[in-house]
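Reading the structure
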Amino acid sequence: MSEPKPRKLKINILRYDPHVVGDEPHIDTFEIEEAPGMTLFIVLNDIREHHDASLKFDFVCRAGICGSCGMLINGKPGLACSTLTSKLPEEINLAPLPFFELIGDLSVYNGKWMRGMNERLETWIHHKEKELRSINRIEEPMDPDLAEEIYELDRCIECGCCVAGCGTIQMNENFVGAVGLNKIARYKLDPRDERTDADYYELIGDENGVFGCMTLLGCEDVCPKKLPLQSKIAYLRRQMVKTGLNENVTKCNCLQHEEKMPEH
Amino acid sequence: MSKLHHSRVPAYLDFTQSLTGLLLALFIVGHIIFEGSILLGPDAMEKMTLFFEGYYLFGERHPIIVTFLAIVISILFVVHAALAVRKIPSTWQQYRTFRNHMRRFGHEDTSLWMVQVVTGFAMFFLGSVHIYMMMVNPEKIGPYLSAQRVVEGWMWPLYLVLLFCVVLHAFIGLYRLALKWGWFEGKNYRRSRKIMKRIMRAAIAVYILIGLASLGTYVSIGLNLENTPVEKAER
Amino acid sequence: MRIIYTDVLVVGGGLAGLRVATGVQERGHRVIVLTLVPPKRSHSAAAQGGMQASLGNCAMGWGDNEDIHFEDTVKGSDWGADQQVVRMFVNTAPKAIRELTHYGVPWNRVRKGKHTAIINAEKVEIEEREEAHGLITARDFGGTKKWRTCYTSDGTGHSMLYAMDNKAHENDVKIHERMEAMSVIHRHGRCYGVVARNLMTGEIVAYIAKATTIATGGYGRIYEVSTNAIICQGTGQAIALETGIATLGNMEAVQFHPTAIVPVGILTTEGCRGDGGILRDVDGYRFMPDYEPEKKELASRDVVSRRMIEHIRKGKGVPSRYGDHLWLDITILGREHIEKNLREVKDICENFLGIDPAEEWIPVRPTQHYSMGGIRTKYTGESQTLKGLYACGEAACWDLHGFNRLGGNSVSETVVSGMLVAEYISDFCDSPQSHIGISTGAIEDFVRIEEEKIRRLLNNDGGEDAYVLRRAMEKIMMEKVGIFRNGRDLQDAVEQLEQLHIRSKNISVFRSKSYAANPALVVAYRTQKMIKIALTVAYGALLRTESRGAHAREDYPMRDDINWLKRTITSWPDPEQTLPTVTYEPIDILEMELPPGWRGYGKRNIIENPDSMIQQAKIDAIRNELLARGADRFAIQKALMPYEHLLPEKYRGRNERLYERFDDEKDEV
Ligand SMILES: Cc1cc2nc3c(=O)[nH]c(=O)nc-3n(C[C@H](O)[C@H](O)[C@H](O)COP(=O)(O)OP(=O)(O)OC[C@H]3O[C@@H](n4cnc5c(N)ncnc54)[C@H](O)[C@@H]3O)c2cc1C
Ligand code: HEM
Ligand code: SF4
Ligand code: SF4
Ligand code: FES
């Protein structure tokens with residue numbers, strides 16, 4: 001059985017180590033022979049093991065579920081671990097996700113940004129009563145469809161691809177990004193979260209929130225989890241305009257953040 | 001006063017920007033068609049003009065109606081521009097970051113936004129001139145007067161550019177409006193988006209063709225006018 | 001030198017670590033969590049299938065309770081588990097799930113009325129009760145009598161971890177990301193924290209605490225192919241081992257998952273089979289019913305994995321350039337079901353195999369999956385030998401799983417043990433014993449040792465290449481310490497690993513000399529630790545001349561309850577020794593609530609211990625007597641093996657179910 005001759009992949013990697021004095025951003029090129037079923041995870045580890053042990057990148061699950069390995073693959077944000085080389089041309093350009101703090105080479109500290117975003121949007125369930133009435137009792141029922149709908153939005157893996165693909169955030173670093181807006185949509189759906197629309201308006205009712213989004217849809221088109229970002233951002237926009245324009249909205253529960261205003 | 005800590009202003013601004021954009025775009029959708037009536041012959045255009053001057057309603061011509069329309073449009077125009085200008089990169093640095101992002105990314109909708117910014121920016125000047133002229137000289141609209149302006153007034157280069165700008169801007173704008181507010185999402189919003197994008201492309205093509213054809217007609221009428229005194233031809 | 005003081009230090013930001021952290025914080029103790037990666041990226045996120053808790057809401061789980069969950073777990077463990085711990089666990093699991101619901105996990109819910117499910121490849125109609133509508137539902141998982149595995153589609157671990165991390169945000173838990181624990185600081189048999197290295201800047205920091213918890217997950221990556229994330233390298237167990245005082249339990253108990261895709265080893269969830277997927281061989285023949293007529297594809301993992309290898313060895317595997325494999329067929333479930341409930345599986349098939357699982361069969365093979373072994377603890381989670389050092393989650397050998405854990409029991413364990421251990425730690429911190437009695441000088445010594453190690457690695461020229469050693473180790477583990485084991489291979493493995501261990505002391509970091517973010521350096525020092533862990537696994541396996549749970553010896557196919565009903569305890573008291581020290585901790589049948597017997601699946605290959613009969617007779621007598629007196633199941637259980645007194649007071653309550661309703665006022669049935 002003769003197999004077709006494997007391709008020689010040319011991998012161009014944008015490298016820069018801020019910890020090394022005098023280092024300048026530059027491109028290193030590596031040549032790798034393609035193998036069947038090869039992903040960029042395999043390629044990068046091969047480079048590290050056989051060509052350049054100092055090459056920095058992040059993988060954890062290597063299965064497309066932990067969100068560690070976002071990078072620019074031929075300019076487009078994506079998860080390296082779940083990108084088969086067979087779907088790419090022979091020459092592959094890799095660069096770190098822009099916008100996030102650079103650790104070195106392809107490794108960025110997007111976890112830190114996500115943490116800040118989560119804190120700012122208070123992405124947890126806000127109960128009026130913090131404690132369960134009793135941990136021993138049957139749980140509150142929830143509509144099965146609603147539960148699935150919430151999970152649908154809960155699937156975000158905080159990989160930051162949507163942020164890297166967002167033109168708005170490049171110009172306004174305080175923008176919460178699609179990932180943040182999606183989280184608000186998630187909590188808004190969830191009946192366990194007792195925040196009102198007015199509460200959400202406090203969090204995203206400005207240019208750093210939903211009104212900052214210019215509907216460029218980079219987020220929608222790169223999200224590796226295919227979250228319904230376009231649809232949910234539109235939904236939030238409608239809701240937040242309604243809230244903002246509604247003179248009757250006077251009630252702000254401000255469950256937890258009565259004093260503590262979100263920082264922008 | 002409400003207890004919203006946050007200002008309501010952003011909600012108003014976003015809403016108004018879209019509303020003015022929508023109205024302007026709908027206006028343009030009609031406007032170019034009306035202009036295109038010239039393609040059916042000077043008489044059709046004449047009738048159209050008369051219609052807008054209220055001739056069929058009041059039995060006499062009131063160019064003031066056109067002036068009024070122009071004023072409304074210009075208000076919308078100014079408000080829209082003022083709101084939209086907030087989104088335009090305000091510093092060179094911002095512009096460069098965005099441009100780099102756009103080039104690297106090669107993402108159509110992101111690039112389309114840039115088209116909107118550039119065309120919007122251009123219309124800021126071109127459109128202003130055009131509207132101003134319509135406002136101060138409403139009575140000078142008509143197949144021959146317009147044609148004369150186009151040719152002798154050296155307006156055709158301006159109209160040519162304006163045509164491209166306004167058509168691109170309006171239809172990209174409408175497409176984005178639909179996505180922005182989640183209109184026509186249907187069952188599968190991803191499919192709807194693809195369809196809308198196809199409609200947007202088709203509309204841009206059709207309108208540019210109509211626009212070019214009408215402009216061409218004006219030019220040819222205008223060139224022929226050199227032999228015919230305008231006043232006579234008009235009345 | 002930087003020293004950071006706190007009350008409680010938690011190493012590991014997975015489900016277990018986060019739950020401990022929020023727990024102690026709520027009890028008023030300051031806590032810091034160290035983690036290699038942002039917590040939401042921890043391996044817990046990978047758990048797809050679900051979490052076991054005996055809620056009994058769905059029709060197929062109706063009638064479930066703690067007793068049945070207990071029995072399933074003990075049988076699953078092949079009687080290796082600590083039965084009191086299992087009792088504590090099964091009683092707390094429903095509470096854990098209800099707490100997580102409160103934190104926001106969007107569990108799938110029961111939908112009233114009829115629906116069809118596929119059971120044993122046949123369509124079955126199931127009717128859900130009206131009163132259960134909207135309550136948390138469950139799916140079938142291997143080794144359980146009832147449908148007990150609660151889930152959120154197939155992203156259970158993800159949703160749980162996100163809810164937990166969000167809770168930690170809410171409680172303002174301090175999390176230090178990209179900090180790697182390098183060694184445990186201890187003195188006079190008492191643990192005082194860890195030395196950690198900042199993976200971005202290379203800074204070495206000492207964290208000093210009253211209590212230190214290791215929740216660093218498993219050690220699957222000592223194998224060449226594993227379903228585990230690449231950070232599951234056993235460094236947590238290694239730093240405990242390196243104290244020379246703390247011990248590891250049952251390290252040879254390594255579970256293989258039947259259905260990881262070939263070649264990359266990414267898992268397709270057990271839910272595939274739970275929902276009705278079946279295994280086929282090279283001829284497309286469904287072979288499992290021949291081996292396991294009753295449970296078929298859903299026997300416990302160790303059994304299914306071994307049956308698959310057996311079948312492959314009969315020449316029925318599908319040959320491929322990556323070796324033989326079998327097929328997992330979920331096409332019969334239908335596209336709609338796959339796209340809704342098994343979407344991650346679909347994504348994985350598309351992204352890593354380029355196939356559509358609704359149309360094509362998935363190539364699978366048993367692959368390393370779970371580490372039952374870990375830091376040996378008491379029921380409180382505290383090391384049996386090093387005071388102030390706690391462990392929980394997959395990193396620990398608490399001993400819930402014995403020699404085989406049931407699918408769905410481990411994420412459940414992470415949260416349950418997190419809840420309980422947080423209370424025990426808090427109690428400890430509240431007591432005067434928790435006083436920190438170590439001088440700055442002594443702390444500095446620990447820091448200096450680590451700094452010195454790193455300097456040596458970076459400055460050593462012409463030493464060993466860490467990658468070469470690691471690949472050799474991975475291969476040995478794969479080939480000689482795998483699903484089926486035998487004395488000859490294990491002996492080889494131990495000897496070769498010992499050589500690797502000796503060579504690993506002379507590793508040098510080539511090419512990349514930075515003290516800051518430096519992947520080559522990380523590979524170097526982790527390889528040293530991993531080889532030690534591999535040795536404990538291989539050596540334990542060599543010495544254990546029986547087959548139990550996941551540990552299957554071809555040369556000793558019987559489970560030997562006379563000689564081997566005991567836990568392997570491994571330590572490394574002298575840094576110079578080249579093999580670990582192994583001792584054993586007996587498991588007393590006469591204290592069991594469920595004495596050893598047949599598991600109900602797998603081969604019936606047991607050397608029985610006479611005590612089993614004696615204990616069974618005793619139990620039967622007690623039960624009959626109490627039943628005659630009209631005692632309820634709680635009273636009977638209490639008479640057989642009391643455990644409630646071990647639980648923290650707040651978790652002693654009973655669990656309400658639709659068929660065991662509470663009084664409206666009191667939390668009682
Ligand atoms: C693919 C897959 C699917 C699974 N599916 C299921 C399932 O359906 N049901 C089920 O019950 N179980 C399942 N499991 C098992 C279950 O996911 C794990 O056992 C469990 O999540 C382990 O949680 P943990 O908190 O103990 O550790 P982990 O989640 O692994 O967390 C370990 C933490 O420790 C940190 N860490 C590690 N070493 C260090 C160090 N040296 N210094 C500092 N920090 C460190 C890491 O950064 C991480 O935050 C699955 C496992 C796999 C591999
Ligand atoms: C001075 C002239 C104009 C300028 C500077 C301008 C600028 C802009 C800009 C920058 C945007 C993008 C705003 C955003 O992304 O949020 C925009 C949107 C839009 N414009 Fe204009 N524009 C002008 C005139 C017009 C005209 C004449 C029309 C009608 C044809 C029009 C229709 C629209 C529409 C429909 C949108 C989308 C609205 C939205 O996103 O909310 N614009 N404009
Ligand atoms: S929304 Fe999508 S792209 Fe953005 S962080 Fe979440 S998973 Fe990634
Ligand atoms: S749609 Fe909004 S959030 Fe998404 S990329 Fe565009 S501007 Fe960013
Ligand atoms: S490594 Fe986890 S998503 Fe790529």
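As the structure is a computational prediction, the values presented were derived from the model and not from experiment. (Residues numbered from 1 in each chain as written. Chains lettered and ligands numbered in written order. Predicted model: local features only at pLDDT ≥ 70, side-chain atom pairs only at ≥ 80, totals over all residues. Heavy atoms only, no water.)

1. Thoughts on the overall build of chain C
Selection criterion: Under the scheme used here, helices are H or I runs from DSSP no shorter than 4 residues and strands are E runs no shorter than 2 residues, and both carry numbers assigned from the N terminus. Computation of the radius of gyration draws on C-alpha atoms, with the globule rule given as 2.2 Å multiplied by the number of residues to the power 0.38. For every residue, the accessible area obtained with a 1.4 Å probe (protein chains only) is divided by the maximum for its type, and the residue is called buried under 20%, exposed over 50%, and partly exposed between those limits. Here, residues are in contact when the closest pair of their heavy atoms is within 4.5 Å. The Shrake-Rupley method, run with a 1.4 Å probe, gives the accessible areas here. Residue values count only the displayed protein chains as cover. This count recognises Lys and Arg as positive and Asp and Glu as negative, with His and chain-terminal groups excluded. To locate a charge, take atom NZ for lysine, CZ for arginine, CG for aspartate or CD for glutamate.
Per the secondary structure count, chain C includes 17 helices and 24 strands. Whereas a compact globule of 669 residues would reach a radius of gyration of roughly 26 Å, chain C reaches 24 Å, a difference of no more than 12%. Across its three principal directions, the C-alpha atoms of chain C cover 70 × 60 × 50 Å. Counting over 669 residues, chain C shows a buried share of 68%. If you take every contact in chain C between residues at least 6 apart in sequence, the share linking residues at least 24 apart comes to 73%. In the structure as shown, chain C presents an accessible area of about 21,500 Å², 49% of it carried by carbon and sulfur atoms. The distance from the centre of the 86 positive side-chain charges to the centre of the 93 negative ones in chain C is 2 Å.

2. Some thoughts on the confidence of the model for chain C
Any region with low pLDDT has predicted coordinates that should not be read closely. For clarity, the threshold we go by: Every residue is assigned a pLDDT by the predictor, reflecting its confidence on a scale from 0 to 100.
Averaged over all residues, the pLDDT of chain C equals 94, while 99% of them reach at least 70. For this predicted complex, the interface confidence score (ipTM) comes to 0.94, while the overall pTM stands at 0.94.

3. Looking at the sheet that holds strand 12 (residues 254–261) of chain C
Residues and elements named next belong to chain C. To keep things clear, this is the line we draw: Between any two strands, pairing holds if DSSP finds at least two bridges. Comment: axis = line fitted to C-alpha atoms, over the contacting stretch for helices; angle = value between 0 and 180 degrees taken between N-to-C directions.
Pairing in this open sheet of 4 strands is antiparallel, and the strands run 12-15-14-13 from one edge to the other. If you trace the sheet from one side to the other, it starts and ends with strand 12 and strand 13 (278–280), each paired once. On average, adjacent strands in this sheet sit at an angle of 45 degrees to one another, irrespective of strand direction. Pairing of strand 13 with strand 14 (residues 326–329), which is carried by 3 bridges, proceeds in the antiparallel orientation. Residue arginine 280 lies in a different strand from strand 14, and its bridge partner there is tryptophan 327.

4. Some thoughts on the interface of chain C and chain A
For clarity, the cut-off: Using a 1.4 Å probe, buried area is obtained as the accessible area two parts lose upon being combined, added over both of them. The definition of a polar contact used here is a pair of N or O atoms within 3.5 Å, where within protein one atom must be able to donate a hydrogen and the other to accept one, and adjacent residues in sequence count solely through side-chain atom pairs. Throughout this entry, Asp, Glu, Lys and Arg are counted as charged residues, while Ala, Val, Leu, Ile, Met, Phe, Trp, Tyr, Cys and Pro are counted as nonpolar. The remaining residues, Gly among them, count as polar.
Contacts between the two partners involve 87 residues from chain C and, on the opposite side, 76 residues from chain A. When the two sides are added together, the surface that chain C and chain A hide from each other amounts to roughly 6,800 Å², 50% of it contributed by carbon and sulfur. The largest share of the area that chain C buries against chain A comes from Arg41, His102 and His169 of chain C, three residues that together contribute 12% of it. Linking chain C with chain A are 41 residue pairs in polar contact (both at pLDDT 80 or more). Counting residues per element, the ones that place at least two in the side of chain C that touches chain A are helix 3 (83–103), helix 4 (156–170), strand 7 (174–177), helix 10 (343–353), helix 13 (466–480) and helix 15 (519–543) of chain C. Classifying every residue of the side of chain C that touches chain A by side-chain character gives 32 nonpolar, 24 polar and 31 charged.

5. Comments concerning the domain arrangement of chain C
All names here are of chain C. Our working rule: Bear in mind that the domain bounds are from an automatic or database domain assignment. Think of a salt bridge as a Lys or Arg side-chain nitrogen and an Asp or Glu carboxyl oxygen that are within 4 Å of each other.
Domain boundaries assigned for chain C yield domain 1 (2–104 + 144–254 + 370–434), domain 2 (255–368) and domain 3 (453–583). Here the C-alpha centre of domain 2 lies 29 Å away from the C-alpha centre of domain 1. If you look at the interface, domain 1 gives 20 residues, while domain 2 gives 23 residues. Looking at the side of domain 1 facing domain 2, the largest losses of area belong to Gln48, Asp154 and Thr227, adding up to 35% of the total buried there. Run the count over domain 1 and domain 2 and you get 0 salt bridges. Considering only residue class, the side of domain 1 that touches domain 2 consists of 7 nonpolar, 11 polar and 2 charged.

6. With respect to the interface of chain B and chain A
If you look at the interface, chain B gives 34 residues, while chain A gives 51 residues. Taken over both partners, the interface formed by chain B and chain A buries close to 3,700 Å², and the fraction arising from carbon and sulfur atoms is 57%. Connecting chain B to chain A are 21 residue pairs in polar contact (both at pLDDT 80 or more). Within the residue set of the side of chain B that touches chain A, elements represented by two or more residues are helix 1 (9–36), helix 5 (92–105), helix 6 (108–136), helix 8 (156–181) and helix 9 (189–225) of chain B. Here the side of chain B that touches chain A takes 6 residues from helix 5 of chain B, the largest share from any one element. Taken together, the residues of the side of chain B that touches chain A sort by class into 12 nonpolar, 10 polar and 12 charged.

7. Remarks on the domain arrangement of chain A
All names here are of chain A. Split by domain assignment, chain A resolves into domain 1 (8–107) and domain 2 (110–260). Computed over C-alpha atoms only, the centres of domain 1 and domain 2 are separated by 31 Å. Between domain 1 and domain 2, the residue contacts involve 14 residues of the former and 18 residues of the latter. When domain 1 packs against domain 2, the two sides together hide about 1,300 Å² of surface, and 70% of this comes from carbon and sulfur. Summed over the three residues of domain 1 that lose the most area to domain 2, namely Pro77, Phe99 and Phe100, the buried surface amounts to 47% of that side. Inspection of the domain 1/domain 2 interface yields 1 salt bridge. Its salt-bridge partner being lysine 112, residue glutamate 101 comes within 2.8 Å of it at the nearest N-O pair. At 4 residues, strand 4 (residues 76–79) tops the list of elements feeding residues into the side of domain 1 that touches domain 2. Each residue belonging to the side of domain 1 that touches domain 2 can be placed in one class, and the counts come to 8 nonpolar, 4 polar and 2 charged.

8. Side note on the coordination of the iron atom of ligand 2
Ideal geometry at a metal centre: 109.5 degrees between donors when four sit tetrahedrally, and 90 or 180 degrees when six sit octahedrally. Residue and element names in this part refer to chain B. This is how it is decided: Donor selection uses N, O and S atoms within 2.8 Å of the metal (3.2 Å for Na, K and Ca). Since no water is included, sites may look incomplete. Key to geometry: four donors with every angle between 85 and 135 degrees are tetrahedral; four donors are square planar and six octahedral where opposite donors lie over 155 degrees apart and all remaining angles lie between 65 and 115; all other sites are irregular.
The protein atoms that coordinate the iron atom of ligand 2 are His80 (NE2) and His169 (NE2), at distances of 2.0 to 2.1 Å. Between the 6 donor atoms coordinating the iron atom of ligand 2, the angles at the centre fall across 84 to 179 degrees, so the site counts as octahedral. In this pair, histidine 80 sits in helix 4 (residues 63–84) while histidine 169 sits in helix 8, placing the two residues 89 residues apart along the sequence. Histidine 80 sits in the buried class, given a relative accessible area of 16%.

9. Quick look at the pairing of strand 15 (residues 362–371) of chain C
The side chains of a regular strand alternate, first on one face of the sheet and then on the other. Residues and elements named next belong to chain C. With 10 of its 10 residues buried, strand 15 lies for the most part within the structure. The sheet contact formed by strand 12 and strand 15 spans 6 bridges and is antiparallel. What sits directly across from isoleucine 261, in strand 15, is valine 364. By the bridge criterion, 3 bridges tie strand 14 to strand 15 in an arrangement that is antiparallel. Within the sheet, the bridge partner assigned to tryptophan 327 lies in strand 15 and is proline 363.

10. Points about the side chain of serine 42 of chain C
All names here are of chain C. When you line up the elements, serine 42 lands in the loop between strand 2 (31–35) and strand 3 (51–52). Here the side chain of serine 42 touches proline 39 through a polar contact of 2.8 Å, landing on its backbone oxygen. Once residues lying within four places of it in the same chain are set aside, the contact partners of serine 42 are Gly13, Gly14, Val37 and Leu161.

11. Focus: the environment of leucine 18 of chain C
Residues and elements named next belong to chain C. If you trace the backbone, leucine 18 turns up in helix 1 (residues 15–26). Spatially, the C-alpha atoms of leucine 18 and valine 173 are 8.8 Å apart, while their sequence positions differ by 155 residues. Look past the residues within four positions of leucine 18 in its chain and what remains in contact with it is Gly12, Gly13, Pro39, Leu161, Met164, Asp165, Ala168 and Ile175.

12. Quick notes on the confidence of the model for chain A
This prediction gives chain A a mean pLDDT of 90; 93% of its residues lie at or above 70. Across residues 254–264 of chain A, confidence stays below pLDDT 50; counting only partners more than four residues off in sequence or on other chains, it has 31 contacts.

13. A short note on the site of ligand 2
Residue and element names in this part refer to chain B. Inclusion rule: Near residues are defined by distance, with any heavy atom within 4 Å of the molecule or strand qualifying the residue.
Lining the immediate surroundings of ligand 2 are 24 residues, of which Gln17, Ser18, His80, His169 and Arg176 lie closest. In this structure, glutamine 17 approaches ligand 2 through a side-chain N or O atom, which is 2.6 Å from an oxygen atom. Contact distances for ligand 2 include 2.7 Å between an oxygen atom and a side-chain N or O atom of arginine 176. Of all the elements in the fold, those that place two or more residues in the shell around ligand 2 are helix 1, helix 4, helix 6 and helix 8. Classifying every residue of the shell around ligand 2 by side-chain character gives 13 nonpolar, 8 polar and 3 charged.

14. Here's the deal with the environment of threonine 259 of chain C
All names here are of chain C. Tracing the backbone through its elements, the reader meets threonine 259 in strand 12. When the C-alpha atoms of threonine 259 and threonine 227 are compared, they prove to be 9.7 Å apart, with 32 residues separating the residues in sequence. The residues touching threonine 259, leaving out its near neighbours within four places in the chain, are Leu267, Thr268, Arg273, Leu279, Leu328, Val364 and Arg365.

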